[in-house]
Amino acid sequence: MQHFAARQLIVREGEPSDALYIIATGSVLVTSRDVRLALLEWPAPIGDLGVFADRPRTATAIAETDCTLLRIATPDLLGAFELTPEAWRGIALWFAEFAYAKAVDEKVRTHDLRAQLARLLLARADPTTGAVPLTQIELAEILAVQRSTIQRHLDAFRVAGLIAKAGRVAILDREGLTREGLL
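As the structure is a computational prediction, the values presented were derived from the model and not from experiment.

### A short note on the pairing of strand 8 (residues 67-73)
Okay, step 1: The pairing of strand 1 (residues 2-4) with strand 8 spans three bridges and is antiparallel. Paired with Gln2 across the two strands is Leu69, which belongs to strand 8.
Okay, step 2: Of the pairings in the sheet, the one linking strand 3 (residues 19-25) to strand 8 comprises six bridges and is antiparallel in character. By the bridge assignment for strand 8, Ala19 is matched with Ala73.

Written out as structure tokens, the structure is:
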């Protein structure tokens, strides 16, 4: 077991995949090119793609809170599978269940994203001017999605006449945006 303090680097994108980690306690933030990908908790794996594909790390993992991770070196993991081939089936099923649960969660989250964004804009807007003091990157970070996803929804709001975008967002139609937040 390895212990990491909050904000401590666990693995860096592009480094060799020398071990698989399993979160035992705490939470881990996963990013790629400064874009927030996920916040993982027990029993999520970290580094599985690189280890099993024999590729460099595809993302950076940083301890969000103090955490404890089980570290399994790649040679030890692969050696265990050679000794017990039936373990491959169990690991494959475990990863498949984990991936399925994440896909379902992502589908639910993105389905409601437009309404979440509308509610966030309304909550953060200046009551007098309608100006929202957040950048698109900050909006994306708050909602844990990519900036391009936020951009698409903001463009739809702009085309519908709900907001103006000249650098930062300003709400033009509070009632219309409120309706979007209820969907």
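### Looking at the packing of aromatic side chains
Okay, step 1: This model, assessed by the stated rule, comprises one aromatic pair.
Okay, step 2: Arranged with centres 6.4 Å apart and planes meeting at 75°, the rings of Phe4 and Tyr21 form a pair that is edge-to-face. Remark: Tyr21 occurs in strand 3 and Phe4 occurs in strand 1; sequence separation between them is 17 residues. With respect to burial, Phe4 and Tyr21 carry one shared label: buried.

### So, the pattern of salt bridges
Okay, step 1: Going through the model one piece at a time under the given rule, you end up with six salt bridges.
Okay, step 2: Taking the shortest distance from any N to any O, the salt bridge between Asp18 and Arg57 comes out at 3.0 Å. Of this pair, Asp18 sits in the loop between strand 2 (9-11) and strand 3 while Arg57 is found in the loop between helix 1 (48-53) and strand 7 (60-63), placing the two residues 39 residues apart along the sequence.
Okay, step 3: Classification of Arg57 by relative accessible area gives buried; the value is 6%.
Okay, step 4: Between Lys165 and Asp155 there is a salt bridge; the shortest N-O distance is 2.7 Å. Taken as a pair, Lys165 in strand 9 (residues 163-166) and Asp155 in helix 6 (residues 147-159) lie far apart in primary sequence, 10 residues in all.
Okay, step 5: The exposure class assigned to Lys165 is partly exposed, which follows from its relative accessible area of 24%.
Okay, step 6: Shared partners join several salt bridges into a network, and the residues in it are Asp18, Arg57 and Arg71.

How each quantity is defined
- Residues numbered from 1 in each chain as written.
- Predicted model: local features only at pLDDT ≥ 70, side-chain atom pairs only at ≥ 80, totals over all residues.
- Heavy atoms only, no water.
- Pairing = 2+ DSSP bridges.
- Helix = DSSP H or I, 4+ residues; strand = E, 2+ residues; numbered from the N terminus.
- Phe/Tyr/Trp six-rings, centres within 6.5 Å; stacked < 30°, edge-to-face > 60°.
- Buried < 20%, exposed > 50% of the residue type's maximum accessible area, 1.4 Å probe, protein only.
- Salt bridge = Lys/Arg side-chain N within 4 Å of Asp/Glu carboxyl O.

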